[in-house]
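# Examining the three-dimensional arrangement
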Amino acid sequence: MTTQTTTYSTIVIGAGSGGLTVAIGLAAFGKPVALIEGGAVGGDCTNVGCIPSKTLIHEATQRTADPATILATVQRKRDHLRDEETAHVQQIENLSYIHGWARFVSARELEVTHADGSSRRVTATNIVITTGSRPREIQIPGLPSERVLTNESIFELKDAPRHLAIIGAGVIAMELAFAFRKLGSRVTILAQERRVMKGESEAASEVLAASLRDNAIDVRYGVTVTAYDAERETLRLKDGSAVAGVDRVLLAIGRARNIERLGLEQIGLKFDRDTGIQVDRNGRTNIPGIYAIGDVTPTSRWTHSAGAQGRRVVQQIAFPWLPAWSAEPLYPSATFSDPEVASVGQTPEQIARRYHPGLIKTLRVELSSTDKGYTEGLKYGFIQVYALRLTGRILGATIVGPRASEMISFFTLAISEGVTLYRLYRLVYPYPTHSTGIQAIADTFMRETLPHIPAELGAVLRYGLATIWGRVRGGSFAAAPPPDRKLAAFGGWGSS
C-alpha cells in the first residue's frame, strides 16, 4: 500500500559505482537526492565483483593461509567495506537512502516497493537509471543447484572446490581460474570459442593460454556442456567427451542487464534487451530528464566506466549551462589474470576494418627483454602498440604482464590527448621498470621511420587514398565503430 509521496531534485536508481557517483556528487552541490537500492550498497563491484575478486586474487597469490581462511578473509573484507559504504551513504547531507525496488509510474514518478511489501511514491525532475547487471545463467540437465556457482555466489564458499569447472573463457573465468588454482583446486575451463579472452587480441589470448597450461589449468576449446551426472560428478560434453570429478560448476558466460523490473515500456523509454538502454554520449535517454549509465547502457561494462559516466551526468544536471562533453572518453580494460591483461583504444579487428593494413605499424616488445623483466625472471609479458605510419599516432595498445592494469593508463592518456610515438621517444623512463618497454616501442618506431621518410610518406599517400576509396565504396576498409562504443559481446565484471 502506498503511504507517502516525496519530491526530490534527482532520483538515482541503483547504488553501485555509477549511482553512488551521481547521488553523492549532486548531494554535495546541495541538491536533494534520493538513492534507491534493492540489494546492497556498492552494487556488484563491492559485493560480488571487483572487491571480493581482487581480494581473493591477492590472498591466493600470497598464499599465507589455508583456502578456508583465505575465503573467510575475502568475505570479511567485502562485508566491512559494504557496511562502511552503507553507513557513509546514510550520513550524507541532502541524500535520502531508500531500500527497495523502483518501477516507473510515469516519466517523473516512481513507485518503490520495500521488502515488507509496503510501497511509496517518489517524484523528481531528473531520474538516473544505474541498475547494473547480473550473471547470465543456463540450465544444465542433472546439475543440482547447490553445485552451481556464479560471481554472485562463489564468494560465499567456505572452502575451495576439489575440482572447479568453469563454463566460459572471459574475464571472470580467467581471474577465478588462476585464483582457485592457487588455492589448490583442480580447474577446467570449458570454452565455446576457439581461444580464451576473445575480447582481447589474439596475441594476448596466446600468452594466457600458455600460462594456463603452465599452471596445470585444463582448457577445452569449442565445447558445449550437455548434462551432469551427479552420482559420478561428471560433466558431459556435446562432442561425447566428459570432465570427471567436478564438484562445482561456475557459470561465467556473460551478463544480463537489470532492466526488466523498471517498467520502461510504460513510459516509452527506448531500450533493447540485447544492447540495453539507448543513450547519447552524455547519458541522456530519449525522454528529457531521464539518464542511464553503467552496465544498463551499450557503452559501459566496467566499474570505472560507470563512474566516468556518472561524473558526466552530475555535470549535466548540476551545471546544465556548461557545454556538453563532445565524446565519451576512452575506457581501458584490465583483467587481473596471471599475467594481467590490459588494453585501450581500437582493437586489431576495428583497425583492420577502418584502415588499409599498409597504413598500420604494429610494434611489440617482450617484457622479458627489458632489464626489469630479466631481473624478475619474467616468462610472459609484452607491450603491443598499433600506430599510423609516419605520424606515429597511436590507435590502440595492449599490455600483458605484471601491473599491466597500472601501465595501461599511460596509453589511455596518449591516445586521448594525441601524444604520438615521437613525443614518447623524448620521455625519460625510470630504470629499471617494465615501462621501459614503452621506451623500446618508441625507439623501434623511430628506427623504422626516420631513415625512410620518403618511403614512409609515399606509403601513407598510397594507402591513405586506398583507405578513403575503400570507405567510399563501403568495402573492407569501411569505418568501424569507435573503440568501446559498440560491444560485440557483453561480459566481464558488472559495474554499478
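Figured I'd write up the structure that's included with this text.

## Describing the overall build of the protein chain
Scanning the protein chain from terminus to terminus reveals 14 helices and 24 strands. A globule of 496 residues ought to have a C-alpha radius of gyration of about 23 Å, and the protein chain, at 24 Å, matches this closely. Along the first, second and third principal axes, the C-alpha atoms of the protein chain reach 80 × 65 × 45 Å. Every one of the 496 residues in the protein chain was classed for burial, and the buried ones make up 55%. In the form shown here, the protein chain has an accessible surface area of approximately 21800 Å², with 52% of it arising from carbon and sulfur atoms.

## What about the sheet that holds strand S21 (residues 341-345)?
Strands pair in a sheet through their backbones, by hydrogen bonds, and they do so in one of two ways: parallel or antiparallel. Taken in spatial order, the 5 strands line up as S20-S21-S24-S23-S22 in an open sheet, and their pairing is antiparallel. If you trace the sheet from one side to the other, it starts and ends with strand S20 (333-335) and strand S22 (360-366), each paired once. On average, adjacent strands in this sheet sit at an angle of 10° to one another, irrespective of strand direction. As judged from the 3 bridges shared by S20 and S21, these two strands associate in the antiparallel manner.

## Points about helix H1 (residues 17-28)
The end-to-end C-alpha distance of H1, which contains 12 residues, comes to 16 Å, matching closely the 16 Å that a straight helix rising 1.5 Å per residue would cover. In terms of burial, H1 is a largely internal element, 9 of the 12 residues being buried. For H1, the set of buried residues is Ser17, Gly18, Gly19, Leu20, Val22, Ala23, Gly25, Leu26 and Ala27. Once H1 finishes, glycine 30 follows within two positions and takes phi at roughly 85°, a positive value.

## Thoughts on the packing of H1 against helix H8 (residues 303-318)
The N-to-C vectors of H1 and H8 enclose an angle of 30°; their axes lie 7 Å apart at closest approach. Accordingly, the angle class assigned to the pair H1 and H8 is roughly parallel. Handedness of the crossing formed by H1 with H8: right-handed. Each of Ser17, Gly18, Thr21, Val22, Gly25 and Leu26 in H1 lies in contact with H8, whose residues at this interface are Thr303, Ala306, Gly307, Gly310, Arg311, Val313, Val314, Ile317 and Ala318. A class-by-class count of the residues in the contact of H1 with H8 yields 7 nonpolar, 7 polar and 1 charged.

## Structural notes on the sheet that holds strand S12 (residues 225-229)
A sheet is described by the order of its strands in space; here 3 strands give the open sequence S12-S13-S14, paired in antiparallel fashion. Every other strand in the sheet has two partners, leaving S12 and strand S14 (242-243) as the edge strands with one partner each. When strand S13 (residues 234-237) meets S14, the two strands line up antiparallel, connected through 2 bridges. Bridging from a neighbouring strand, arginine 236 pairs with alanine 242 of S14.

## What about the pattern of salt bridges?
Applying the stated criterion across every chain yields a total of 23 salt bridges. The partner of aspartate 83 in a salt bridge is arginine 82, with the nearest N and O atoms 3.5 Å apart. Judged by its relative accessible area of 45%, aspartate 83 falls in the partly exposed class. Classification of arginine 82 by relative accessible area gives partly exposed; the value is 24%. With a shortest N-O distance of 2.7 Å, lysine 379 and aspartate 214 are connected by a salt bridge. Of the two residues, lysine 379 sits in the loop between helix H10 (371-376) and strand S23 (382-388) while aspartate 214 sits in helix H6 (residues 202-214), which places them 165 residues apart along the sequence. The exposure class of lysine 379 is exposed, given its relative accessible area of 57%. Here the residues in one salt-bridge network are Arg78, Asp79, Arg82, Asp83 and Glu156, joined through shared partners.

## What to know about the environment of valine 243
Following the sequence through the fold, valine 243 ends up in strand S14. Residue classification places valine 243 among the buried residues on the basis of a relative accessible area of 1%. Taking the C-alpha atoms as reference points, valine 243 and leucine 190, separated by 53 residues in sequence, lie 9.5 Å from one another. The residues contacting valine 243, other than those within four sequence positions of it, are His163, Thr188, Leu190, Arg220, Glu233, Thr234, Leu235 and Leu237.

## A closer look at the nonpolar core
If you look at the biggest cluster of nonpolar residues, it comprises 43 residues, and the most contacted ones within it are Leu56, Ile166, Met174, Phe180 and Ile189. Looking at this core, the elements that each hand over two or more residues are helix H3 (50-62), helix H4 (67-91), strand S9 (163-167), helix H5 (171-182), strand S10 (186-191) and H6. No other element matches the 9 residues that H5 contributes to this core. What methionine 174 contacts, discounting residues up to four positions off in sequence, is Ala169, Ile189, Val196, Met197, Leu208, Leu212, Thr335 and Ser337. In terms of nonpolar packing, the next biggest core, distinct from the first, is built from 28 residues, Ile383, Ala387, Ala414 and Ala442 among them.

## Observations concerning the side chain of serine 333
Within the fold, serine 333 resides in strand S20. Within the structure, the side chain of serine 333 is placed 3.0 Å from the side chain of glutamate 200, a separation counted as a polar contact. Excluding residues within four positions of it along the chain, serine 333 makes contact with Glu200, Trp302, Val341, Ala342 and Ser343.

## Considering the packing of aromatic side chains
The final tally for this structure, using the stated rule, is 5 aromatic pairs. Measuring from centroid to centroid gives 4.9 Å for phenylalanine 29 and phenylalanine 319, while their planes differ by 85°, and the two rings are edge-to-face. In this pair, phenylalanine 29 sits in the loop between H1 and strand S2 (33-37) while phenylalanine 319 sits in the loop between H8 and S20, placing the two residues 290 residues apart along the sequence. Residue phenylalanine 29 is classed as partly exposed on the basis of its relative accessible area of 46%. Considering the side-chain rings of phenylalanine 410 and tyrosine 429, the 6.1 Å spacing of their centres and the 35° angle between planes classify their relative orientation as tilted. Of the two residues, phenylalanine 410 sits in helix H11 (residues 404-417) while tyrosine 429 sits in the loop between helix H12 (421-426) and helix H13 (436-449), which places them 19 residues apart along the sequence. Classification of phenylalanine 410 as partly exposed rests on a relative accessible area of 28%. When its relative accessible area of 9% is taken as the criterion, tyrosine 429 is described as buried. Grouped by ring-pair contacts, the aromatic residues Phe29, Phe319 and Trp321 constitute a single cluster. Against the face of tryptophan 101 rests arginine 261, its NZ or CZ located 4.1 Å from the ring centre. Above the face of the tyrosine 463 ring, arginine 462 is positioned so that its terminal group lies 4.6 Å from the ring centre.

What counts, and at which threshold
Residues numbered from 1 in each chain as written. Predicted model: local features only at pLDDT ≥ 70, side-chain atom pairs only at ≥ 80, totals over all residues. Heavy atoms only, no water. Helix = DSSP H or I, 4+ residues; strand = E, 2+ residues; numbered from the N terminus. Rg over C-alpha atoms; globule rule 2.2 N^0.38 Å. Buried < 20%, exposed > 50% of the residue type's maximum accessible area, 1.4 Å probe, protein only. Areas by Shrake-Rupley, 256 points an atom, 1.4 Å probe, with all protein chains shown as cover. Pairing = 2+ DSSP bridges. Axes fitted to C-alpha atoms, helices over the stretch in contact; angles between N-to-C directions. Expected span 1.5 Å × (residues − 1). Parallel < 35°, antiparallel > 145°, perpendicular 65-115°, else oblique. Left-handed = near helix turned anticlockwise from the far one by under 90°. Contact = heavy atoms within 4.5 Å. Nonpolar A, V, L, I, M, F, W, Y, C, P; charged D, E, K, R; others polar. Salt bridge = Lys/Arg side-chain N within 4 Å of Asp/Glu carboxyl O. Core = buried A, V, L, I, M, F, W, Y, C linked by side-chain atoms within 4.5 Å. Polar contact = N/O pair within 3.5 Å; in protein donor to acceptor, adjacent residues only side chain to side chain. Phe/Tyr/Trp six-rings, centres within 6.5 Å; stacked < 30°, edge-to-face > 60°. Lys NZ or Arg CZ within 6 Å of the ring centre and 35° of its normal.

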